[in-house]
Amino acid sequence: MFVRGLKRKCFDGEEDIEGTLAGIKAIPSYNLQRQSLLDMSLVKLQLCHMLVEPNLCRSVLIANTVRQIQEEMTQDGTWQMINTQSTGQASLDRLVSTDILCRSSRDQAEGKHVPSYGTFNKDFESDQAQDSSETMSTASSVQAPRNLQSNVWEMENPQENKGNFQKSLDQIFETLENKSPNSVEDLFSEVDNSYYDLDTMLTGMMSNTKMGHCDGLETFSSPTNTASNSNCKSDLNELDHIVEILVES
Amino acid sequence: ADIISTVEFDYSGDLLATGDKGGRVVIFQREQETKSRPHFRGEYNVYSTFQSHEPEFDYLKSLEIEEKINKIRWLPRQNAAHFLLSTNDKTIKLWKISERDKRAEGYNLKDEDGRLREPFRVTELRVPTLKPMDLMVEASPRRIFANAHTYHINSISVNSDHATYLSADDLRINLWHLEITNRSFNIVDIKPANMEELTEVITAAEFHPHQCNVFVYSSSKGTIRLCDMRSSALCDQHSKFFEEPEDPSSRSFFSEIISSISDVKFSHSGRYMMTRDYLSVKVWDLNMENRPVETYQVHEYLRSKLCSLYENDCIFDKFECCWSASDSTIMTGSYNNFFRMFDRNPRRDTTLEASREGNKPRAMLKPRKVCTAGKRKKDEISVDSLDFNKKILHTAWHPTENFIAVAATNNLYLFQDKIN
């Protein structure tokens, strides 16, 4: 009726994920649902209307839902699981890191929020082919593999991730609070508007995360399907390529 | 016609005001009962239309301020004119609606068309006379209460002292005097020092109907706080805290969102208050804080659809609720242009539809039913066929009679009790 081309199971209440074998089998499904809810919530938070002030009540409710999911994930220990699988984390960072673009160009220039890059990133930057939204792809793609690297090699503890996550969530909130005129212009000049189309975003996110959760790291070949103008999709492809390299090594 | 965003009867019930998304206010007036048609209790016709708010642009934040009228509240009648408060997200305006049915003629210094007469032409002194003219209803803004709210105003409420009123936004509540526009008092402030710690916002506020020192405000976490202005100037400390303990068996990720209260209304008696959250309406006794005395399920069949409703944002819809004149019945809206009425004693509920299809004027409304699973009976409608774009968010009940106004998107429906 209103789900746009996506069949999604609604979850009513929590499943008992402890104990039985059947319960263990149900874990990926529940986690997948929870992850998709998390992704959806983050997208909602970021799709702020630039011309009219976003509804504060709605934003607070969505942010609380996100926090709730994150807390549960930390408790479950599935936060670790998702780190190793890396897709969820990557998409999380992707969504979160685009928040950087909502800030004024002044902030970006000062390097307040753009992280310091390692040598790994330099190679990645040279691979960038896209011209439009280049800032977006650069910032976000660089951010993601950086964390990815640390996930796979350093086995970050969930606390640190939680901190990063919380920080990102706070950044989103600050974005909602402070909308400087510069950020609005920057946004319109550099960013491909289709990114802010919920459908494109969700389709892109959902298909990739679903793949990641269900099939593990091996089948990372994400389909390069229709949304050719969706830059995040192409970024994810690049990302997958990187991850493949990392995993095989 | 624009989407109706608020509906409100005045204290007598003779006037019905609606505000819309385009910033317009349309006031309907009830026809006087005539001897020739005693069974028709008076129809409502357009009385006055005016543009209350215009779209504005906040230059500092580079943001538009919507002209949509969020709330209208009438003032009690004090003279021949009518007064109402209307508000958008940022500015509250006091409007005076007055009638003019006489015109003065025979001025000494002015011609009939208003031009000044030459002094030498004034040869005699005359007294102007009042001549009847066609009724003209004028609306003029008498006060503009601006620049007091950083966040979006969601409620205004006139105090029983008829001199003050409150306005509430997401984080603050201000107290105004109707005569003073350049100053307001902040009486509730829940903004945290660090905005990153924000987890709860104010969703609605209302003054007690009889006690001018008491008001309540509801939150996005499903709580209601009652405050007494005699206790301190800043009412951050509540006098009473109403919250129903959560049912652990029905906990889900959406529990908090659906517990967010979208409307709070005192009963006419002042002893009870009613709150509307996403799936239910609850009646609270002001003397009992730990749980409501009555709970009514509005559309429980939506509980299994919360994920989809979250995706399409319907879960954030803010439904209002209202009491009948005698507090015996409560009413609230739902989807598919359905609205629900709950009789409190004895308990009985009805679902009715506000639509032109199949409903002729003055015909009895047919009760509707939504079926959740299994075989669909004749005349029932299944959950999946509900139109979630047809939502009834705003309803109003006449102050003394069983007469209701239901706003369905951009249409206004008026229903009355059947006359035996």
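As annotated in an unreviewed UniProt entry, chain B is Serine/threonine-protein phosphatase 2A 55 kDa regulatory subunit B from Menura novaehollandiae. Its UniProt record, at the heading Sequence similarities (unreviewed entry), says of chain B: "Belongs to the phosphatase 2A regulatory subunit B family."

Identification of chain A as CDCA4 protein from Menura novaehollandiae is taken from an unreviewed UniProt entry.

Right, let's get into the overall build of chain B. The helix and strand inventory of chain B stands at 2 helices and 31 strands. Against the globule reference of 22 Å for 420 residues, chain B gives a C-alpha radius of gyration of 24 Å, in line with a compact fold. Considering only C-alpha atoms, chain B reaches an extent of 90 × 60 × 40 Å along its principal axes. Counting across all 420 residues of chain B, residues that qualify as buried make up 51%. Taking the intrachain contacts of chain B between residues at least 6 apart in sequence as the baseline, contacts between residues at least 24 apart amount to 51%. Put simply, chain B shows about 20,700 Å² of open surface, and 48% of that area lies on carbon and sulfur atoms. Distance between charge centroids for chain B: 4 Å, based on 58 positive and 62 negative side chains.

Quick look at the overall build of chain A now. Across its full length, chain A carries 11 helices and 0 strands. Seen in sequence order, chain A has helices and strands lined up from the N terminus as α-α-α-α-α-α-α-α-α-α-α. Across the 249 residues of chain A, 53% fall into the buried class. Of the contacts made within chain A by residues no fewer than 6 positions apart, 78% connect residues no fewer than 24 positions apart. Surface exposure of chain A reaches about 11,500 Å², of which carbon and sulfur atoms provide 52%.

The next thing to look at is helix 2 (residues 56-76) of chain A. Each α-helix winds once per 3.6 residues, and so residues spaced three or four apart point in a common direction. Residues and elements named next belong to chain A. Helix length check: helix 2, at 21 residues, gives a terminal C-alpha distance of 30 Å against a target of 30 Å (1.5 Å per residue), a fit within 8%. Extensive coverage of helix 2 is indicated by the burial of 18 of its 21 residues. Measuring from the backbone nitrogen of C57 back to the side-chain oxygen at the start of helix 2 gives 3.1 Å, which picks out N55 as the cap. Taken from the residues just after helix 2, G77 is the one with a positive phi, measuring 85°.

Attention shifts here to the packing of aromatic side chains. Residues and elements named next belong to chain B. Using the criterion set out here, one finds 18 aromatic pairs over all chains in the structure. Both rings, one in F145 and one in W176, keep their centres 5.1 Å apart while their planes meet at 70°; by these two values the pair is edge-to-face. Taken together, the residues span a long stretch of sequence, with F145 in strand 10 (residues 129-145) and W176 in strand 13 (residues 172-177) at a distance of 31 residues. Owing to a relative accessible area of 1%, F145 belongs among the buried residues under this scheme. Judged by relative accessible area, W176 falls into the buried class, the value being 2%. Taking the centre distance of 6.1 Å and the plane angle of 75° together, the rings of F207 and F215 count as edge-to-face. On the basis of relative accessible area, F207 is assigned to the buried category, the value being 3%. When the ring centre of F403 is taken as origin, the NZ or CZ atom of R30, which lies over that ring, is 4.9 Å away.

The next subject is the pattern of salt bridges. One pass over the structure, following the stated rule, counts 30 salt bridges over all chains. Between B:K131 and B:E105 there is a salt bridge, with the nearest N and O atoms lying 3.2 Å from each other. Here B:E105 lies in strand 9 (residues 92-105) and B:K131 lies in strand 10, a separation of 26 residues in the sequence. On the accessibility criterion, B:K131 (35% relative accessible area) is partly exposed. Two residues, B:R344 and B:E294, come together in a salt bridge whose shortest N-O distance is 2.9 Å. Taken together, the residues B:R344 in the loop between strand 25 (338-343) and strand 26 (348-353) and B:E294 in strand 22 (residues 294-297) connect sequence positions 50 residues apart. Of the residues examined, B:R344 reaches a relative accessible area of 14% and is grouped as buried. When its relative accessible area of 14% is taken as the criterion, B:E294 is described as buried. Here the salt bridges share partners, and the residues they tie into one network are A:R34, A:E72 and A:D76.

Ranked by internal contacts, the top residues of the largest apolar core, which has 44 residues, are B:Y278, B:L302, B:L309, B:Y310, B:I315 and B:L386. The set of elements that each furnish at least two residues to this core consists of helix 1 (21-46) and helix 2 of chain A together with helix 1 (255-259) and helix 2 (306-311) of chain B. Of the residues forming this core, the biggest block, 9 residues, is contributed by helix 2 of chain A. Beyond its immediate stretch of four places on either side in the chain, B:Y278 contacts B:I258, B:S260, B:H299, B:L302, B:L306, B:L309, B:C314, B:I315, B:D317, B:F319 and B:Y335. Within the second largest apolar cluster, 14 residues are counted, among which are B:M331, B:W397, B:A408 and B:Y413.

Take the environment of B:Q416 next. Within the secondary structure, B:Q416 sits in strand 31 (residues 411-416). Remark: the alpha-carbon pair of B:Q416 and B:L109, spanning 307 residues in sequence, is separated by 53 Å.

Another aspect to go through is the sheet that holds strand 8 (residues 82-87) of chain B. Residue and element names in this part refer to chain B. Strand order in the open sheet made by the 4 strands is 7-8-9-10, with antiparallel pairing throughout. Looking at strand neighbours, the two that pair on one side only are strand 7 (71-74) and strand 10, the edges of this open sheet. For this sheet, the mean inter-axis angle between neighbouring strands, taken without regard to orientation, is 25°. As paired strands, strand 7 and strand 8 are joined by 4 bridges and run antiparallel to one another. Bridge pairing links R73 to L85 in strand 8.

Before going further, it helps to examine unusual backbone geometry. All names here are of chain B. Note the cis peptide between N345 and P346, where omega equals 0°. Structurally, P346 can be placed in the loop between strand 25 and strand 26. For T409, which is not glycine, the phi dihedral falls at a positive 55°. You can call T409 partly exposed: its relative accessible area is 29%.

Residues and elements named next belong to chain B. Looking at where S255 falls in the secondary structure, it is placed in helix 1. Residue classification places S255 among the buried positions, given a relative accessible area of 12%. Put simply, S255 and Q51 are 204 residues apart on the chain and 40 Å apart in space, counted from C-alpha to C-alpha. In this structure S255 touches E246 and S250, once residues within four positions along its chain are discounted. Within the local environment of S255, its side chain forms a polar contact with the backbone nitrogen of S252, the two atoms lying 2.7 Å apart.

Rules behind the numbers
Residues numbered from 1 in each chain as written. Chains lettered and ligands numbered in written order. Predicted model: local features only at pLDDT ≥ 70, side-chain atom pairs only at ≥ 80, totals over all residues. Heavy atoms only, no water. UniProt positions renumbered as here; feature names shortened; annotations may be inferred. Helix = DSSP H or I, 4+ residues; strand = E, 2+ residues; numbered from the N terminus. Rg over C-alpha atoms; globule rule 2.2 N^0.38 Å. Buried < 20%, exposed > 50% of the residue type's maximum accessible area, 1.4 Å probe, protein only. Contact = heavy atoms within 4.5 Å. Areas by Shrake-Rupley, 256 points an atom, 1.4 Å probe, with all protein chains shown as cover. Lys, Arg positive; Asp, Glu negative; His and termini not counted. Charge placed at Lys NZ, Arg CZ, Asp CG, Glu CD. Expected span 1.5 Å × (residues − 1). Polar contact = N/O pair within 3.5 Å; in protein donor to acceptor, adjacent residues only side chain to side chain. Phe/Tyr/Trp six-rings, centres within 6.5 Å; stacked < 30°, edge-to-face > 60°. Lys NZ or Arg CZ within 6 Å of the ring centre and 35° of its normal. Salt bridge = Lys/Arg side-chain N within 4 Å of Asp/Glu carboxyl O. Core = buried A, V, L, I, M, F, W, Y, C linked by side-chain atoms within 4.5 Å. Pairing = 2+ DSSP bridges. Axes fitted to C-alpha atoms, helices over the stretch in contact; angles between N-to-C directions.

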